[in-house]
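Listed below, chain by chain, are the residues.
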Amino acid sequence: MVIMKFGEFIMSKVYFADIRSGFGYNLLDKLELLMNKLELEKKIDKGDIVGIKTHFGSLGTTRHLRPIYIRVIVDKVKELGGKPVVVETCGHGYGGGIWGVRATATGYLDVAARNGFTPQSLDANILILDGQWGLDFFTFEIKGNRLSKVYLPNGLRGIDFMIVASHFKGHDMAGFGGALKNVGVGLVAKPSKGLVHIDGEIKLEESGDVKCTGCGRCAEICPVKAITMINGKPVIDFEKCIFCGFCYSGLICEPRVLKPKWTSSEEGTIRFIDNALGVISYLGKNHFAYINFVIDVTPYCDCAPFSDQIIVPDQGILASFDPVAIDKASYDLVNQAPGIPGSVVEERDAMKPGVDKFSKIFGHNSAVLQLEVAEKLGLGSREYALEWVIPEVQKEALKKT
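Heads up: these notes are all about the structure in this document. (Residues numbered from 1 in each chain as written. Predicted model: local features only at pLDDT ≥ 70, side-chain atom pairs only at ≥ 80, totals over all residues. Heavy atoms only, no water.)

Along the chain, His167 turns up in strand 8 (residues 161-167). Accessibility expressed as a relative area gives 5% for His167, which makes it buried. Within polar-contact distance, the side chain of His167 engages the backbone oxygen of Ile295 at 2.9 Å. Discounting residues that sit within four places of it in the chain, His167 has contacts with Arg63, His64, Leu65, Gly177, Phe293, Ile295, Asp296, Val297, Thr298 and Asp302. (Helix = DSSP H or I, 4+ residues; strand = E, 2+ residues; numbered from the N terminus. Buried < 20%, exposed > 50% of the residue type's maximum accessible area, 1.4 Å probe, protein only. Polar contact = N/O pair within 3.5 Å; in protein donor to acceptor, adjacent residues only side chain to side chain. Contact = heavy atoms within 4.5 Å.)

Now the structure itself:
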């Protein structure tokens, strides 16, 4: 992590390339310049397995991160002698239909291909780190604010260095999704995803014609045998339950009569930061680099089956070794920008520069909370020094204007 001292403050370095392009320089050139600034050759040794973590979007998203950006990162890793692999984990969309597609490795790989992410387009293999069902994991102990252990995907064991490439956008629980969420939700196995979203309780709820059929599939699929069928109804032993979510999944139970108690936005945010602590502690802080794309900033996450109107003009790309600093810098760029007419920020009276757009959209302050909690856990600093990275060709163009 690059740290700079300014008076009494400790600031992490964040490199920034703006959105402007012209003849002789484009965003792909700028992305390469940012990676050069990180001096990744000092981090990646020849033959290292380098994971490139991103999000492939969902069926119905149209503003997820474009595969060409990941291809540029792949090319840079190969140039440095590393062996790139594009990594993800199974999604936690447990409902039926479009929500459940990403819940398995095969389903998510199909979504990835439909959205343009293939071994051919990326020139790298794609690996779902936690296996077909999201249950190929090991446990790692932490001292978090809420959690004492994290369920990590077994695929992490083979990674020497991780580049986290995040589409920065809004998120209804976390306020925004950036580097921290890409790690704390995107790099954990399904039980840890469940613990972010479920508040320790799953109840049988029947109403009208929606009743448990007594088929027992939930008990059969439970990986820790926490469900027993008694008098034709499922009974859950929460001493055993790992909250993986399959028992109430539309993939397993068509009537979906098992209902979880969901965490609040604040509680879920605190828990996913605990998860991030586990992932980063396991690989080591010096084995991560972060790239945030503050482009196509939609109000909702790419796990939703749609992409709404963007809320601010495109800002650019940031790079850092500090996940807290890069998310804070991205957050500041969005808040300092004017809102887009016709977007949700116009509806929420958040058009003016300087307004906290995410708190206005969602009515809570989880965006601020995740940064505060992550800093207190030692994951990085909210104080940052922003260094503008400008191609020489662009400098010459600016001189002429």
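That covers the picture; the talk isn't over yet.
Between helix 1 (residues 27-38) and helix 2 (residues 67-79), the least distance of the axes is 10 Å, while the angle of their chain directions is 40 degrees. In terms of axis orientation, helix 1 runs oblique to helix 2. As for how helix 1 packs across helix 2, the hand of that crossing is right-handed. Facing Leu27, Leu28, Leu31, Glu32, Met35 and Asn36 of helix 1, the residues of helix 2 in contact are Ile68, Tyr69, Val72, Ile73, Lys76 and Glu79. The residue makeup of the contact of helix 1 with helix 2, split by class, is eight nonpolar, one polar and three charged. (Axes fitted to C-alpha atoms, helices over the stretch in contact; angles between N-to-C directions. Parallel < 35°, antiparallel > 145°, perpendicular 65-115°, else oblique. Left-handed = near helix turned anticlockwise from the far one by under 90°. Nonpolar A, V, L, I, M, F, W, Y, C, P; charged D, E, K, R; others polar.)

Turning our attention to the nonpolar core. If you look at the biggest cluster of nonpolar residues, it comprises 61 residues, and the most contacted ones within it are Met162, Phe288, Ile311, Phe358 and Leu379. If you tally residues by element for this core, the top one is helix 8 (residues 265-283), at eight residues. Not counting chain neighbours up to four residues away, the residues in contact with Phe288 comprise Phe161, Met162, Val164, Leu187, Val279, Ile280, Leu283 and Phe321. Ranked by size, the runner-up nonpolar core spans 42 residues in total, among them Val74, Val77, Leu80 and Phe161. (Core = buried A, V, L, I, M, F, W, Y, C linked by side-chain atoms within 4.5 Å.)

Let's shift gears to helix 8. End to end, helix 8 covers 27 Å across 19 residues, agreeing with the expected 27 Å (1.5 Å per residue, within 8%). Among the 19 residues of helix 8, 15 are classified as buried, and the element is accordingly described as predominantly covered. The positive-phi residue at the C-terminal boundary of helix 8 is Gly284, with phi of around 100 degrees. (Expected span 1.5 Å × (residues − 1).)

Mapped onto the elements, Arg271 comes out in helix 8. The exposure class assigned to Arg271 is buried, which follows from its relative accessible area of 10%. For Arg271, the side chain forms a polar contact with the side chain of Glu267, separated by 2.9 Å. With residues near it in sequence (within four places) discarded, Arg271 still touches Arg146, Leu147, Leu195, Val196, Ile198, Asp199 and Thr263.

The residue Gly245 is located in the loop between strand 13 (233-236) and strand 14 (258-262) in this model. Note: C-alpha distance between Gly245 and Cys218 (27 residues apart in sequence) is 9.9 Å.

For the rest of this paragraph, the subject is the pattern of salt bridges. Under the criterion given, the structure shown has 21 salt bridges. A salt bridge links Arg114 to Asp110; the shortest N-O distance between them is 3.0 Å. Within this pair, Arg114 and its partner Asp110 are both found in helix 3 (residues 105-114), separated by four residues, close to a single helical turn. A salt bridge links Lys203 to Glu201; the nearest nitrogen and oxygen atoms lie 3.4 Å apart. With a relative accessible area of 46%, Lys203 lands in the partly exposed category. On the basis of relative accessibility, which here comes to 28%, the residue Glu201 falls in the partly exposed class. The network of salt bridges with shared partners includes Arg146, Asp199, Glu267 and Arg271. (Salt bridge = Lys/Arg side-chain N within 4 Å of Asp/Glu carboxyl O.)

This structure, assessed with the given rule, holds zero disulfides. Counting only cysteine sulfurs, Cys215 is the nearest neighbor of Cys218, a cysteine outside any disulfide, at a range of 6.3 Å. Its relative accessible area of 11% is what places Cys218 among the buried residues. The thiol sulfur of Cys241 is not disulfide-bonded, and the nearest other cysteine sulfur, from Cys247, lies at 6.3 Å. By relative accessible area, Cys241 is classed as buried at 17%. (Disulfide = S-S within 2.5 Å.)

Two elements in contact, helix 9 (residues 323-336) and helix 12 (residues 366-376), have axes whose closest approach is 10 Å; the angle formed by their N-to-C orientations is 155 degrees. Comparing the axis directions of helix 9 and helix 12 gives the class roughly antiparallel. In this structure, helix 9 crosses over helix 12, and the sense of that crossing is left-handed. Residue-level contacts link Val324, Asp327, Lys328 and Tyr331 of helix 9 to Ala367, Val368, Gln370, Leu371, Ala374 and Glu375 of helix 12.

Here we take up the packing of aromatic side chains. One pass over the full model with this rule turns up 18 aromatic pairs. Ring geometry for Phe137 and Tyr151: centres 5.1 Å apart, planes at 85 degrees, overall edge-to-face. With Phe137 in strand 6 (residues 137-141) and Tyr151 in strand 7 (residues 149-153), this residue pair connects regions lying 14 residues apart in the sequence. Here Phe137 falls in the partly exposed class, since its relative accessible area comes to 24%. Considering the side-chain rings of Phe238 and Phe243, the 6.0 Å spacing of their centres and the 15 degrees angle between planes classify their relative orientation as stacked. Phe238 sits in the partly exposed class, given a relative accessible area of 33%. Classification of Phe243 by relative accessible area gives buried; the value is 9%. (Phe/Tyr/Trp six-rings, centres within 6.5 Å; stacked < 30°, edge-to-face > 60°.)

This part covers helix 3. Those residues of helix 3 not exposed but buried are Ala105, Gly107, Tyr108, Val111 and Ala112. The buried residues of helix 3 all sit within an arc of 160 degrees when viewed along its axis, so they share a single face. Projecting away from the buried face of helix 3 at angles above 90 degrees are the exposed residues Thr106 and Arg114. Against strand 4 (83-88) and strand 5 (125-128) lie the buried residues of helix 3. Looking one or two residues past helix 3, Gly116 carries a phi angle of roughly 100 degrees, positive in sign. (Arc of directions from axis to C-beta.)

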